[in-house]
Amino acid sequence: MKGRWGSAGALGLALALSACAGGDYRPVRDVPVRIGPPYTVRGVTYVPAADPAYDMLGYASWYGSESGNRTANGERFRPDWVTAAHTSLPLPSYVEVTALDSGRTIIVRVNDRGPFAGKGRVIDLSRGAAEQLGMRAQGQVAVRVRVVNPPEKARERLRKGKAAEERPRVPERTLVRLRAQMKAAGL
């Protein structure tokens, strides 16, 4: 029995009620993964692409005053969550970010686009990710960023805005090698 509203009326009511639950923001989830078309910001064209071997040296900065804004994949930006912005990786992606000054390593969920300024900047971290990495006071640090495929437990924590479990620090001899590579690249 369809009742007084009929199937079309019930669908409309369900859609109206669902809008009250979350506004226009996409739920935090890992599917669908979005790559998106090429786009241009300040005269530079970025071409999003899947790159499972992504491993880059450069600089990380952080952002946090955009609280409540929509991320590039449609989620609400929450500055205290452990998230990041990247110019071309699929959304969402998971990356390991290592601070080359301290050897501290974290896993971050990429759900936004950026950074679009600064020589050698490869990732923008949320305030929460910057705090976890120990670089909030500096504003910008040299980092290594690698795409990773963390276990579901870590993904689940990050989807809820929590930090993934603590990771071991990178040995000093590895950090020395990575810093030398950055210097050789002119960064």
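Residues numbered from 1 in each chain as written. Predicted model: local features only at pLDDT ≥ 70, side-chain atom pairs only at ≥ 80, totals over all residues. Heavy atoms only, no water.

Visitor: Give me the lowdown on the confidence of the model for the protein, citing residues and values where you can.
Guide: As a note on interpretation, predicted positions should not be read in detail where pLDDT is low. Predicted confidence across the protein gives a mean pLDDT of 86, with 86% of residues reaching 70 or more. Of the regions scoring below 50 in pLDDT, residues 1-22 engages in two contacts with residues more than four places distant in sequence or in other chains. (pLDDT = per-residue confidence, 0-100. Contact = heavy atoms within 4.5 Å.)

Visitor: I'd like a rundown of the sheet that holds strand β8 (residues 140-147), residues and numbers included.
Guide: Pairing within the closed barrel is mixed, and its six strands lie in the order β3-β7-β4-β6-β5-β8. The mean inter-strand angle of the sheet, taken between neighbouring strand axes irrespective of direction, is 45°. Taken together, the six bridges between strand β5 (residues 93-99) and strand β6 (residues 105-112) define a ladder with antiparallel strand orientation. Within the sheet, the bridge partner assigned to V95 lies in β6 and is V108. The strands touched by helix α3 (residues 152-159) within the sheet are β5 and β6, with β6 carrying the most contacts at an inclination of about 60°. Packing against the sheet, helix α4 (residues 172-184) makes contact with β3 (55-63), β5 and β8, and its axis sits at approximately 90° to β3. (Pairing = 2+ DSSP bridges. Helix = DSSP H or I, 4+ residues; strand = E, 2+ residues; numbered from the N terminus. Axes fitted to C-alpha atoms, helices over the stretch in contact; angles between N-to-C directions.)

Visitor: Which residues make up the side chain of H86, and what values do they have?
Guide: Secondary-structure assignment places H86 in the loop between β4 (83-85) and β5. Residue classification places H86 among the buried residues on the basis of a relative accessible area of 2%. Polar side-chain contacts of H86 include one of 3.0 Å to the backbone nitrogen of S88. In this structure, H86 is in contact with Y54, V110, D112, R113, G114 and V122, ignoring residues within four places of it in sequence. (Buried < 20%, exposed > 50% of the residue type's maximum accessible area, 1.4 Å probe, protein only. Polar contact = N/O pair within 3.5 Å; in protein donor to acceptor, adjacent residues only side chain to side chain.)

Visitor: Pulling in residues and values, what's your account of the pairing of β8?
Guide: Pairing between β3 and β8: seven bridges, direction antiparallel. The residue of β8 that forms the bridge with A60 is V141. Bridge count between β5 and β8: five bridges; the pairing is antiparallel. Counterpart to V95 in the pairing with β8 is V147.

Visitor: Explain the packing of aromatic side chains residue by residue, including any values.
Guide: According to the stated counting rule, one finds four aromatic pairs in the structure shown. Between Y63 and F77, the ring centres sit 4.9 Å apart and the planes meet at 15°, which makes this aromatic pair stacked. Here F77 lies in the loop between β3 and β4 and Y63 lies in strand β3, a separation of 14 residues in the sequence. Here Y63 falls in the buried class, since its relative accessible area comes to 13%. F77 sits in the buried class, given a relative accessible area of 2%. Among the aromatic residues, those joined into a cluster by ring pairs are Y39, Y46 and F116. Sitting above the plane of the W81 ring, R78 keeps its charged end 4.5 Å from the centroid. (Phe/Tyr/Trp six-rings, centres within 6.5 Å; stacked < 30°, edge-to-face > 60°. Lys NZ or Arg CZ within 6 Å of the ring centre and 35° of its normal.)

Visitor: Can you lay out the pairing of strand β7 (residues 121-126) for me, pointing to particular residues and giving the numbers?
Guide: In terms of residue burial, β7 counts as a mostly covered element, since five of its six residues are buried. Bridge analysis of β3 against β7 gives five bridges, and the strand direction is parallel. Bridge assignment links A60 to a residue of β7, and that residue is I123. Bridge count between β4 and β7: two bridges; the pairing is antiparallel. Bridge pairing in β7 places A84 opposite L125.

Visitor: I'd like to hear about the pattern of salt bridges, residue by residue, with values.
Guide: Applying the stated criterion across every chain, the model contains 13 salt bridges. The closest approach of N and O atoms between R167 and E96, which form a salt bridge, is 2.6 Å. Here E96 lies in strand β5 and R167 lies in the loop between α3 and α4, a separation of 71 residues in the sequence. The partly exposed category is assigned to R167, whose relative accessible area is 31%. E96 sits in the buried class, given a relative accessible area of 7%. Close ionic contact of R179 with E172 constitutes a salt bridge, the shortest N to O distance being 2.9 Å. Under the relative-accessibility criterion, R179 is labelled partly exposed at 31%. (Salt bridge = Lys/Arg side-chain N within 4 Å of Asp/Glu carboxyl O.)

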